[in-house]
Amino acid sequence: MERKASIRRTTKETDIQVTLDLDGTGKASVHTGIGFFDHMLSGFAKHGLFDLEAEVKGDLEVDSHHTIEDTGIVLGQAILDAAGNKAGIKRYGHVIIPMDETLALCAVDLSGRPFLKFDAKFASERLGGFHTEMVREFFYAVSYSAMMNIHLRILDGENDHHKAEALFKSFGKALDMATQAEPRIQEAWTTKGSL
Ligand SMILES: [Mn+2]
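Residues numbered from 1 in each chain as written. Predicted model: local features only at pLDDT ≥ 70, side-chain atom pairs only at ≥ 80, totals over all residues. Heavy atoms only, no water.

## As for the sheet that holds strand β3 (residues 28–31)
Okay, step 1: Read across the sheet, four strands follow the order β1-β2-β4-β3 without closing on themselves; strand pairing throughout is mixed. Every other strand in the sheet has two partners, leaving β1 (4–10) and β3 as the edge strands with one partner each. Adjacent strand axes in the sheet meet at a mean angle of 5°, parallel and antiparallel pairs treated alike.
Okay, step 2: Along the sheet, helix α1 (residues 35–48) contacts β3 and β4 (51–58); its crossing angle with β3, the most-contacted strand, is approximately 160°. (Pairing = 2+ DSSP bridges. Helix = DSSP H or I, 4+ residues; strand = E, 2+ residues; numbered from the N terminus. Axes fitted to C-alpha atoms, helices over the stretch in contact; angles between N-to-C directions. Contact = heavy atoms within 4.5 Å.)

What follows is the structure, encoded as structure tokens:
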């Protein structure tokens, strides 16, 4: 069965179209108007082996806030939709990845309950047109709209570009693990009956 979702969301602040295929090969076609954000979403897709298309028109004349937050909302909706009833998948995913001097941890649970724990600090205010405070806002939006638990932590690091990139890549790898098939079960992996 295809595990793919297309979501369109339009407000007065943003117009966003996202297509996500959980069983992809890491192909990304991402145009958000923010070069650094395109770089981050492409890293998420590449290292999660997802196919991701994102066409985003946001009010960048204001700042990067709505564009990044709303893309997180729509990506989260696509994750939730593509994962379907979560039958026969591993549900949990975790990874620790290095990027040069940086070490990033990500643990996720497709629990049906939104939660974000975010522990990362950035020295610079922005990376290109991307405000670093929006890294947290992006993952917060993904966590509630995908109704999933996300823990992200920078265990070590100096360079802000490395820290942000390692967080997005680690999220891709952890989500890939969580959405992989578990052949020993047919239903959702929970004692509650459904997630
Ligand atoms: Mn980079």
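## Things to note about helix α3 (residues 133–145)
Okay, step 1: Compared with an ideal rise of 1.5 Å per residue, which puts 13 residues at 18 Å, α3 spans 19 Å between its outermost C-alpha atoms and is within 8% of the ideal.
Okay, step 2: Where α3 is concerned, the buried positions are M134, V135, F138, F139, A141, V142, S143 and S145.
Okay, step 3: Contacts made by the buried residues of α3 are with α1, α2 (65–83), β7 (115–119), β9 (130–131), β10 (149–156) and α4 (160–179).
Okay, step 4: Where α3 terminates, the next one or two residues include M147, which has phi positive at roughly 50°. (Expected span 1.5 Å × (residues − 1). Buried < 20%, exposed > 50% of the residue type's maximum accessible area, 1.4 Å probe, protein only.)

## Let's talk about the coordination of the manganese ion
Okay, step 1: Around the manganese ion, the protein supplies H39 (NE2), H161 (NE2) and E165 (OE) as donor atoms, at distances of 2.0 to 2.2 Å.
Okay, step 2: Sequence spacing of the donor residues for the manganese ion, all on one chain, is H-x121-H-x3-E. Separated by four residues within a single helix, H161 and E165 lie in helix α4, roughly one turn from each other.
Okay, step 3: With a relative accessible area of 30%, H161 lands in the partly exposed category. (Donors = N, O, S within 2.8 Å, 3.2 Å for Na, K, Ca; no water.)

## Points about a negative patch on the surface
Okay, step 1: A surface patch of like charges, here negative, comprises D100, E101, D156 and E158.
Okay, step 2: D156 gets classed as partly exposed once you look at its relative accessible area, which sits at 45%. (Patch = residues over 30% accessible without salt bridge, like charges linked within 9 Å, V, L, I, M, F, W, Y side chains within 5 Å. Areas by Shrake-Rupley, 256 points an atom, 1.4 Å probe, with all protein chains shown as cover. Salt bridge = Lys/Arg side-chain N within 4 Å of Asp/Glu carboxyl O. Lys, Arg positive; Asp, Glu negative; His and termini not counted. Charge placed at Lys NZ, Arg CZ, Asp CG, Glu CD.)

## Quick notes on the packing of aromatic side chains
Okay, step 1: Overall, the coordinates contain ten aromatic pairs when judged by the stated rule.
Okay, step 2: Here F44 and F50 contribute two aromatic rings whose centre-to-centre distance is 5.2 Å and whose plane-to-plane angle is 40°, an arrangement assigned as tilted. Just as F44 is buried, F50 falls in that class too.
Okay, step 3: In textbook terms, an aromatic cluster arises when at least three aromatic residues are bridged by ring pairs, as seen for F36, F37, F44, F50, F130, F138, F139, F168 and F171. (Phe/Tyr/Trp six-rings, centres within 6.5 Å; stacked < 30°, edge-to-face > 60°.)

## Some remarks on a nonpolar patch on the surface
Okay, step 1: A cluster of nonpolar residues, I96, L103 and L155, forms a patch on the protein surface that exposes about 240 Å² of accessible area.
Okay, step 2: Within the secondary structure layout, L155 lies in strand β10.
Okay, step 3: In this structure L155 comes out as partly exposed when scored by relative accessible area, which is 40%.

## Observations regarding the environment of D70
Okay, step 1: Mapped onto the secondary structure, D70 falls in helix α2.
Okay, step 2: Separated by 20 residues in the primary sequence, D70 and K90 have C-alpha atoms spaced 28 Å apart.
Okay, step 3: D70 has contacts with R9, T11, T14 and I16, leaving out every residue within four places of it along the chain.
Okay, step 4: Separated by 2.7 Å, the side chains of D70 and T14 make a polar contact. (Polar contact = N/O pair within 3.5 Å; in protein donor to acceptor, adjacent residues only side chain to side chain.)

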